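An overview of the molecular structure
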There are 2 protein chains.
Amino acid sequence: MSDDDFSRVELAHGAGGRAMTKFLKEIVFPCFQLNKIDGGIGLPSADDGATIPLGDRELVISTDSHTVTPLFFAGGDIGRLAAAGTINDVAMMGARPIVMTCALLIEEGFSITNLHRILRSLAATALEERVAVIAGDTKVMPRNTIDKLVICTTGVGIIEQGKAIVDSGIQPGDKIIITGSIGDHGIAILAERDGLTFGTELKSDTAPLWSTVKACLEVGGVHAMKDPTRGGVASALNELATKSGVSIWIEEEKLPIRREVQAASQMLGLDPLQVTCEGAAIIAVEREKADTVLDAIQKTRYGVNAKILGEAKEDRQGLVLMKTKVGGTRIIQQPWAEAIPRVC
Amino acid sequence: MSDDDFSRVELAHGAGGRAMTKFLKEIVFPCFQLNKIDGGIGLPSADDGATIPLGDRELVISTDSHTVTPLFFAGGDIGRLAAAGTINDVAMMGARPIVMTCALLIEEGFSITNLHRILRSLAATALEERVAVIAGDTKVMPRNTIDKLVICTTGVGIIEQGKAIVDSGIQPGDKIIITGSIGDHGIAILAERDGLTFGTELKSDTAPLWSTVKACLEVGGVHAMKDPTRGGVASALNELATKSGVSIWIEEEKLPIRREVQAASQMLGLDPLQVTCEGAAIIAVEREKADTVLDAIQKTRYGVNAKILGEAKEDRQGLVLMKTKVGGTRIIQQPWAEAIPRVC
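Residues numbered from 1 in each chain as written. Chains lettered and ligands numbered in written order. Predicted model: local features only at pLDDT ≥ 70, side-chain atom pairs only at ≥ 80, totals over all residues. Heavy atoms only, no water.

1. Considerations on the overall build of chain A
For clarity, the threshold we go by: Secondary structure elements follow DSSP: runs of H or I of four or more residues count as helices, runs of E of two or more count as strands, with numbering from the N terminus. Put simply, the radius of gyration uses C-alpha atoms, and a globule should come to 2.2 Å times the residue count raised to 0.38. Method for areas: the Shrake-Rupley scheme with a 1.4 Å probe, in which residue coverage is limited to the protein chains shown. We count Lys and Arg on the positive side and Asp and Glu on the negative side, and we leave His and both chain ends out. For charged residues, the charge sits on one atom: NZ in Lys, CZ in Arg, CG in Asp, CD in Glu.
When helices and strands are tallied, chain A shows 8 helices and 14 strands. On C-alpha atoms alone, chain A measures out to a radius of gyration of 19 Å, which is about the 20 Å that the 2.2 N^0.38 rule sets for 344 residues. Along the three orthogonal principal directions, the C-alpha set of chain A runs to about 55 × 55 × 50 Å. On chain A, roughly 12300 Å² of surface is accessible, and the fraction owed to carbon and sulfur atoms is 46%. Treating the 36 positive side-chain charges of chain A as one cloud and the 44 negative ones as another, the clouds have centres 3 Å apart.

Following this line, the structure appears as structure tokens:
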């Protein structure tokens with residue numbers, strides 16, 4: 001690390017792309033020597049969650065702060081986002097989420113009516129997957145020391161010992177599935193901020209995905225999972241390719257991108273592949289099981305738009321490549337940062 | 001609840017006294033129906049943490065956001081505070097803390113040098129009790145949407161099934177011990193803010209207390225524990241008395257209050273009993289074991305100033321009473337709120 005690179009924290013350092021990876025590896029992680037439990041998954045893996053081995057079971061734990069503006073948006077609110085975000089991180093490790101904690105940071109003067117709406121939404125989202133909210137904390141901060149409301153949730157899930165599904169598990173030949181359409185959340189938030197309308201309804205996809213993940217696990221053959229939040233599909237695929245030591249090839253014509261999201265992205269100069277999703281997962285599945293897993297996903301509430309995007313290959317390790325509609329090949333790079341701040 | 005009482009969130013709602021209890025019971029808790037795991041301790045108990053029964057063991061989980069200004073103070077910093085606060089909440093349930101997660105909310109432009117100092121301090125404090133920091137999250141918020149830095153930590157500990165020590169466990173006749181001096185943290189923070197000096201060194205007591213708690217548990221006879229953070233000793237004792245259905249009688253002349261804290265409290269018009277401690281615990285112990293437990297506490301690093309404050313009685317349930325130095329009896333009420341905002 002040089003002082004030139006790092007003297008002040010920048011928005012990019014929390015934005016899910018290469019800047020964040022570099023920041024975590026060079027600044028944050030080295031502070032922690034005791035960073036995992038023997039036999040478990042810890043901080044150095046930078047996976048969706050960590051694990052605690054406990055006899056014949058393993059606990060999965062994941063934590064996330066949620067800061068989004070506006071707090072209410074088409075398709076959700078910060079409460080639904082906080083519950084879904086944490087449930088999904090636990091689920092991406094292959095674990096059944098069982099409990100969640102919820103720490104509130106509230107600006108003095110915040111409306112109780114709105115707080116009520118948000119907490120009920122959080123509770124309802126957790127209830128969809130039978131996740132109990134068992135502990136919490138409430139801090140109220142003086143005006144102008146925090147913008148309205150931040151929610152920090154931590155989720156705990158259970159899995160059989162040694163069965164956690166990690167980002168490094170993709171094998172050459174695996175099919176790459178996405179369980180829902182791309183970029184809906186980030187674009188919906190941006191539209192809300194800018195007062196844009198698109199004729200048809202554009203809304204966030206924020207949703208808890210445990211039931212969808214469970215359907216995949218019941219079929220079997222799942223090698224890796226990741227939810228493409230900050231930094232979007234581009235960031236998630238690059239992380240998976242790098243950690244697994246494979247290349248990932250996707251096909252542009254198979255990308256499930258809504259017409260409104262496509263149009264808005266063009267208008268705003270954004271690449272939908274770099275935009276945050278909050279109700280979709282990328283799932284790598286062994287080739288022979290891919291169609292059966294896809295069927296199972298499509299039968300779940302939040303999996304109806306699932307598609308097989310492409311596959312993993314052995315050569316060109318760490319790269320993500322896209323066959324374009326016009327017949328070329330484009331390298332999908334990990335973005336430097338999420339294009340839109342405060343979306344999750 | 002009437003709308004007159006609750007339309008806007010106030011500082012008092014997060015400040016650890018009666019206002020917070022009322023806010024949680026009337027506004028927050030009713031939002032969550034699925035609020036505990038069968039056989040475990042959940043949200044309705046409002047204890048230091050919740051539990052997840054898991055075969056012959058029980059997991060204890062506790063979460064806390066930390067917001068303190070200034071970030072560095074005599075005796076600690078927000079990193080040490082975040083680690084100690086969470087370790088202590090888990091320890092107060094009688095569980096050995098094993099892991100912690102750490103979610104950072106950082107204001108854009110924050111100094112990396114200071115972040116480094118804070119994270120190393122957090123890690124060192126966790127390491128004192130061999131607690132691994134295994135997962136985290138980093139969000140950077142635009143300038144003026146958060147004041148510098150907030151840290152949300154969640155801790156997980158392990159205990160034998162059914163052995164969690166809860167606030168409601170005090171029996172009449174139990175002795176009430178405090179493991180350290182009273183009010184140091186809150187007064188040190190306030191002194192730092194106001195640039196006050198007191199001749200001798202006044203510093204925060206922020207410290208992780210698992211080793212101290214472990215020493216007590218090894219002796220046995222521990223019926224309840226609580227760390228007197230927001231709302232101080234007055235708030236903690238009132239909660240314990242109410243939940244246990246006993247009265248608690250303490251003696252003014254036995255209160256371990258440093259001369260500097262006493263002097264500063266008088267000058268600032270504060271009652272040290274209502275001021276946040278971050279390195280002390282209140283422990284209720286069966287009468288016969290009290291002296292042995294006290295000895296064990298005093299041999300631990302953060303227990304040298306431990307004292308027996310008083311005892312629990314059967315009559316006048318829910319009250320906390322103090323025999324004053326001049327021979328009278330004063331009711332120690334639960335404060336409406338912590339007197340000093342942003343101390344933990």
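2. Brief notes about the relation of the copies chain A and chain B
Rules: Only residues with pLDDT of at least 70 in both copies count here: their C-alpha atoms drive the least-squares fit that superposes the copies. Residue contacts follow a heavy-atom distance rule, with two residues in contact if any of their heavy atoms lie within 4.5 Å.
Of the two same-sequence chains, chain A is brought onto chain B (RMSD 0.0 Å, axial shift 0.0 Å) by a rotation of 180°. Expressed as an axis order, the relation between the two copies is that of a two-fold axis. Within chain A, the C-alpha atom positioned nearest to the axis of rotation is that of Ile146 of chain A, 2.1 Å from it. Taken as a fraction of all interface residues of chain A, those also at the interface in chain B reach 100%, which identifies the copy contact as same-surface.

3. Things to note about the sheet that holds strand E12 (residues 307–313) of chain B
All names here are of chain B. As a reminder, the rule being used: By the convention used here, strands pair only if DSSP detects at least 2 bridges between them. Lines fitted to the C-alpha atoms define the axes, with helices restricted to the stretch that makes contact. Angles between their N-to-C directions range from 0 to 180 degrees.
Ordered in space as E9-E11-E8-E12-E10-E13-E14, the 7 strands form an open sheet in which the pairing is mixed. Single-partner strands in this sheet number two, and they are strand E9 (222–226) and strand E14 (329–331). Each strand axis lies, on average, 25° off the axis of its neighbour in the sheet, ignoring direction.

4. Re the domain arrangement of chain A
Residues and elements named next belong to chain A. Short version of the rule: Annotation comment: domain bounds sourced from an automatic or database domain assignment. As used here, buried area is the combined drop in accessible area, with a 1.4 Å probe, of two parts when they are placed together.
Entries for chain A in the domain assignment read domain 1 (46–160) and domain 2 (167–331). Centre-to-centre separation of domain 1 and domain 2, based on C-alpha positions: 23 Å. Each partner contributes residues to the interface: domain 1 has 27 residues there, and domain 2 has 27 residues. Taken as a group, Asn88, Met92 and Glu129 account for 26% of the area that domain 1 buries against domain 2, more than any other trio of residues on that side.

5. Quick notes on helix H2 (residues 78–91) of chain A
Residues and elements named next belong to chain A. The condition that has to hold: To estimate how far a helix should extend, the number of its residues minus one is multiplied by 1.5 Å. The buried label applies to any residue whose accessible area, calculated with a 1.4 Å probe on protein chains only, is under 20% of its type's maximum; exposed applies above 50%, and partly exposed to all values in between. Throughout this description, a polar contact denotes any pair of N or O atoms lying within 3.5 Å of each other; where both atoms belong to protein, one of them has to be capable of donating a hydrogen while the other can accept it, and for residues adjacent in sequence the pair is counted only when both atoms sit in side chains.
Here H2 is 14 residues long and its end C-alpha atoms lie 20 Å apart, about the 20 Å a rise of 1.5 Å per residue gives. Of all 14 residues in H2, 14 are buried; the element is thus mostly enclosed. Capping the start of H2, Asp77 holds a side-chain oxygen 2.7 Å from the backbone nitrogen of Gly79, two or three residues further along.

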